[in-house]
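Architecture and fold: a report
Residues per chain are reported as follows:
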Amino acid sequence: MDPTCWRLTLTLVVVMSSTYDTEASVSRHMDDFIAAVKQLEDGVPGADPVAVLQRLRWAAGLRDPFIQHFLGDVDSSGFEMDARLLDYIRKTVPYRVTDDAREEGVVLTSDGTSVALRPLLLGIEAGFLSKRSERVRGLYQLTLARDLGRSLRHSSPLSQRLGPDGCWDSLTSPHVFTLSDTPTLLTTAHVNGGMDGVILGMEARTVRLSSLLTEYYCHQLDREGLDAAPRLISRRRRGNFRELLVPPTLVRHVMKSVELQRRLERKSKMELKERKQLTAAVKEGMKEFVHMFVDCPPIIPRCMWGAEPYRGTPTNLSLPLSFMYIHHTHSPGLPCLTFQQCSADMRSMQRFHQVDRGWDDIGYSFVAGSDGHIYLGRGWHWRGAHTLGHNSIGFGVSFIGDYASSLPSQHSMGLVRDQLASCAVGGGRLKANFTLQGHRQVVNTSCPGDAFYKEITSWEHFGEVKKN
């Protein structure tokens, strides 16, 4: 069995044997949900994935007119389901954000990201139905377009219409997910679920739903990391979605979703002026959506890797900066291949920097793991402690591992070289003509290792130190 999904055999027993008296007692991990799906499949031998998805939709009460327009109503005659399993699905799948910023209907995955189940399941069902009719219908509307329309119609700044991410009360037994900032109509977990719904909907295959989810969310990387990993896994979410996304097409889907919702609510058609204004707002908002969730790499928040608080008061940077400094950690000396190991390495480095060196926090701005993610250190706004004498003019980005004689994975290098840098420039945090340098160029050190330093000299924006 894949070690990253060790919970599945245990969880199947838990889902069957437990009763859930409160919302907070429901375990919200993707492994637990996959186990529930497997239990549902085992109770209906021979049922195809669409039948299983329809039972999930019925159990979760996902039957509003918009959904039924694309997927039809569910004929529940003859449905039988274990009462405890039914209760679990009803508490796990329906989506909402509470007044105290708790996001429900989301689960934690083994790769450290959080996913909303409703858009995921609706997208997969739309994909399977499209395979039957050889026509894609409702895939984008059910996963992202309707909620993008709701979000982008608001007059608030774009930064308040998309995101945020959040934090779980526990990573080993997640129950409560709390958003880290003001809730919006399209959170990071909701977008993750929507993107996964599109990806798996487009790739729908005649396999058990539990197998499809397991292959996607539970793949274990070998020592080559993502360089040798299959294409269809959750760690490649943003790259796979980038290949499918055509922004003007998604804009059209958003507009069609708005118009359909109005018809279903028996509202009059939009006047031409109103339609033009909304189209312009959606096009503008789409740029921010693409920047946040496609151009930028996935960044694991501090709360998710278990960061200790910053000691004292951070000094804010004056953006945009002019430099990006590349490091390797040296110790830890091995690449980290799982969210759990990368998080442990982050905590180890922060402890060394705070306790042994007496710094306020982990020194780096960002850290690249070999698990497909960037880990948030001091981030875009706090001055780091990574490159002596240069911390106020550049971001410090380190790669977990010792790269004196070897290189980081191609994927992790691409995350920083192509995506993090582009994200920084696009977000106004790094100047478009920024200079990239190795730590050794400005400080007496061997960092980022001989092999890695030679590699970065070929990167775009690499620059020699200017001599006075």
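Above this note sits the structure.
Right, let's walk through the structure included here. (Residues numbered from 1 in each chain as written. Predicted model: local features only at pLDDT ≥ 70, side-chain atom pairs only at ≥ 80, totals over all residues. Heavy atoms only, no water.)

On to the overall build of the protein chain, then. The helix and strand tally for the protein chain stands at 16 helices and twelve strands. Relative to the globule expectation of 23 Å for 468 residues, the C-alpha radius of gyration of the protein chain, 23 Å, shows essentially globular dimensions. Principal-axis analysis of the C-alpha atoms gives the protein chain an extent of 80 × 55 × 40 Å. Burial analysis of the protein chain (468 residues in total) assigns 54% to the buried set. In the protein chain, the share of contacts with a sequence separation of at least 24, taken over all contacts with a separation of at least 6, comes to 71%. Summed over all atoms, the accessible surface of the protein chain reaches about 20,600 Å², with 49% contributed by carbon and sulfur. Each charge class in the protein chain can be summarised by its mean position, and for the 55 positive and 51 negative side chains these summaries are 6 Å apart. (Helix = DSSP H or I, 4+ residues; strand = E, 2+ residues; numbered from the N terminus. Rg over C-alpha atoms; globule rule 2.2 N^0.38 Å. Buried < 20%, exposed > 50% of the residue type's maximum accessible area, 1.4 Å probe, protein only. Contact = heavy atoms within 4.5 Å. Areas by Shrake-Rupley, 256 points an atom, 1.4 Å probe, with all protein chains shown as cover. Lys, Arg positive; Asp, Glu negative; His and termini not counted. Charge placed at Lys NZ, Arg CZ, Asp CG, Glu CD.)

Moving on, we get to the sheet that holds strand β12 (residues 430-438). In space, the six strands of this open sheet follow the order β7-β10-β9-β11-β8-β12, with mixed pairing throughout. Of all the strands in the sheet, just β7 (299-300) and β12 have a single pairing partner and so form its edges. Here strand β8 (residues 321-328) runs beside β12; their pairing, made up of five bridges, is parallel. Note that in β12 the partner of Leu-321 across the bridge is Leu-430. Helix α15 (residues 410-426) rests against β7, β8, β9 (366-368), β10 (374-376), β11 (394-399) and β12 of the sheet, and its axis sits at about 145° to β12. (Pairing = 2+ DSSP bridges. Axes fitted to C-alpha atoms, helices over the stretch in contact; angles between N-to-C directions.)

Attention now goes to helix α2 (residues 30-42). The end-to-end C-alpha distance of α2, which contains 13 residues, comes to 18 Å, matching closely the 18 Å that a straight helix rising 1.5 Å per residue would cover. For α2, the complete set of buried residues consists of Met-30, Asp-31, Asp-32, Phe-33, Ile-34, Ala-35, Ala-36, Val-37, Gln-39, Leu-40 and Glu-41. (Expected span 1.5 Å × (residues − 1).)

A few words now on the packing of α2 against helix α3 (residues 49-60). In the contact formed by α2 and α3, the axes pass within 10 Å of each other and the chain directions differ by 115°. For the element pair α2 / α3, the angle class is roughly perpendicular. Pair α2 / α3 crosses with right-handed handedness. Between α2, through Phe-33, Val-37, Leu-40 and Glu-41, and α3, the contact on the second element is made entirely by Val-52, Arg-55 and Leu-56. Looking at side-chain class alone, the contact of α2 with α3 contains five nonpolar, no polar and two charged residues. (Parallel < 35°, antiparallel > 145°, perpendicular 65-115°, else oblique. Left-handed = near helix turned anticlockwise from the far one by under 90°. Nonpolar A, V, L, I, M, F, W, Y, C, P; charged D, E, K, R; others polar.)

Enumeration over the complete set of coordinates arrives at 13 aromatic pairs. An angle of 80° between the planes, with centres 5.4 Å apart, marks the rings of Trp-58 and Phe-79 as edge-to-face. Of this pair, Trp-58 sits in helix α3 while Phe-79 sits in the loop between α4 (65-71) and α5 (83-92), and the two are 21 residues apart along the sequence. Residue Trp-58 shares its accessibility class with Phe-79, and that shared class is buried. A centroid spacing of 4.9 Å and a plane angle of 80° characterise the contact between Phe-399 and Phe-452, whose relative ring orientation is edge-to-face. Here Phe-399 is found in strand β11, whereas its partner Phe-452 is found in helix α16 (residues 450-456), with 53 residues between them in sequence. Each member of the pair, Phe-399 together with Phe-452, is buried. In textbook terms, an aromatic cluster arises when at least three aromatic residues are bridged by ring pairs, as seen for Phe-399, Tyr-403, Phe-452 and Trp-459. The residue whose ring lies beneath Arg-55 is Phe-79, and the NZ or CZ to ring-centre distance is 4.2 Å. (Phe/Tyr/Trp six-rings, centres within 6.5 Å; stacked < 30°, edge-to-face > 60°. Lys NZ or Arg CZ within 6 Å of the ring centre and 35° of its normal.)

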